[in-house]
Amino acid sequence: MNSDELPLARLGLDRDTARRVEEGLLDDLAADPATRVLTVRGTQVLADFRTGQPALVTTAAEGTPPASATGAEVLWAYLGVADGRRYLAALEPAAGADEGAEQRWPAGDGSPDLATGGPRAVNLRDIGALLGEIDAGLVTAALALANWHRGHTHCPRCGAVTDVEAAGWVRRCPVDGSQHFPRTDPAVIMAITDPDDRLLIARSAHWPATQYSVPAGFVEPGESLEGAVRREVLEETRVRVGPVQYGASQPWPFPASLMCAFTGRTQDRDPVPDGDEVVDARFVARAEIAQAWAEGVIRPPRPTSVARALIEEWFGRPLPQPE
């Protein structure tokens, strides 16, 4: 497995990190008509489907930060350079919604035109695997920043409202001067096979009845990635994992994870779900899973997820489409 080939990890964007500290950078870029602006509203962006493959909808910078249709403040961030163009993100909150909720663009503001296949408000989970490498890099960075800013508006030391610096990549406390950077939480996701080379799949308690995936979980403080693989699988399914091998990594900004993919082997054959996080767990053979997914009895992870890549690597080819 190659990280550079995973949907949200492809190398299509130069983040141009050295320029973030330049004084007046955002104003200069906003004044340049060649600069493109990607707007994130809540957890959604606009994508154009008229060419068959979705492409992000960006607009030309007009010298000032774009006004929010909701009246809320828009936060600007510098995303970087791609194909000779510089990109800004306009991060808007989703008005009148709970934090992280999906919100559609209102009528008259770039609303989806389903009749003509025009722009649609979309979620990265749904279209990440369909985007080109530049668009995937832009929206992954923009959404990760939006999620971080939404949840980290105050200083964790003293509670003061922080100021945004470094072109959207740093928040500084005006009281104690401390700097705070975008957070990324490491997580592990793993394809575990038994002595018969069957794959361990599981269903989370909050998923639909047909939704299954491979085990995953967050890395705890003071824990290695390999240790997290073994602990998570044991806690959730009572399966003891032996040899573990790293495969690839993929950013997962829902809201701020880095998914580290592994494969592992076990001598156990009978998983037992913990009944809390996992309500069903089983080892499946290739023929069994092909039939179950083709018939729609089991629904696989979305193609955007590294879980899908892990399963298809074990399966040996792309998964069959449901009938």
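Here's a quick rundown of the structure. From a predicted model like this one, the values you see are computed outputs, not experimental measurements.

About the criteria used
- Residues numbered from 1 in each chain as written.
- Predicted model: local features only at pLDDT ≥ 70, side-chain atom pairs only at ≥ 80, totals over all residues.
- Heavy atoms only, no water.
- Helix = DSSP H or I, 4+ residues; strand = E, 2+ residues; numbered from the N terminus.
- Buried < 20%, exposed > 50% of the residue type's maximum accessible area, 1.4 Å probe, protein only.
- Contact = heavy atoms within 4.5 Å.
- Areas by Shrake-Rupley, 256 points an atom, 1.4 Å probe, with all protein chains shown as cover.
- Polar contact = N/O pair within 3.5 Å; in protein donor to acceptor, adjacent residues only side chain to side chain.
- Pairing = 2+ DSSP bridges.
- Disulfide = S-S within 2.5 Å.
- Phe/Tyr/Trp six-rings, centres within 6.5 Å; stacked < 30°, edge-to-face > 60°.

1. Considerations on the overall build of the protein
When its secondary structure is counted, the protein shows 6 helices and 16 strands. Expressed as a percentage of the 323 residues in the protein, the buried residues total 47%. For the protein, the proportion of contacts with a sequence separation of at least 24, taken over those separated by at least 6, is 65%. Carbon and sulfur atoms provide 49% of the accessible area of the protein, an area that totals close to 15,700 Å².

2. Topic: helix H6 (residues 306–315)
For H6, the buried fraction is high: 7 of the 10 residues fall into the buried class. Among the residues of H6, Val-306, Ala-307, Arg-308, Leu-310, Ile-311, Trp-314 and Phe-315 are the ones counted as buried. Among the structural elements, strand S11 (185–193), strand S12 (199–204), strand S14 (241–252), strand S15 (257–266), strand S16 (278–284) and helix H5 (286–294) are those in contact with the buried residues of H6. Its side-chain oxygen at 2.9 Å from the backbone nitrogen of Ala-307, Ser-305 defines the N-terminal cap of H6. Positive backbone phi, at 100 degrees, marks Gly-316, one or two positions downstream of H6.

3. Some words on the sheet that holds strand S9 (residues 170–172)
Pairing is antiparallel in the open sheet, where 3 strands are placed in the order S8-S9-S10. Strands with a single pairing partner mark the edges of an open sheet, and in this sheet they are strand S8 (163–165) and strand S10 (179–180). Where S8 meets S9, 3 bridges bridge the pair, whose relative direction is antiparallel. Directly across from Glu-165, in S9, lies its bridge partner Val-170.

4. What about the state of the cysteines?
All chains considered together, the criterion is met by 0 disulfides. No disulfide involves Cys-155; its sulfur sits 3.7 Å from that of Cys-173, the nearest cysteine. Lacking any disulfide linkage, Cys-158 is separated from the closest cysteine sulfur, that of Cys-173, by 3.5 Å.

5. Here's the deal with the packing of aromatic side chains
Under the defined criterion, the tally for this structure stands at 3 aromatic pairs. Considering the side-chain rings of Tyr-246 and Phe-262, the 5.5 Å spacing of their centres and the 70 degrees angle between planes classify their relative orientation as edge-to-face. Placement of Tyr-246 in strand S14 and of Phe-262 in strand S15 is noted, with a sequence separation of 16 residues between them. On the basis of relative accessibility, which here comes to 44%, the residue Tyr-246 falls in the partly exposed class. On the basis of relative accessible area, Phe-262 is assigned to the buried category, the value being 1%. Ring plane angle 45 degrees and centroid distance 6.3 Å describe the contact between Trp-314 and Phe-315, whose orientation is recorded as tilted.

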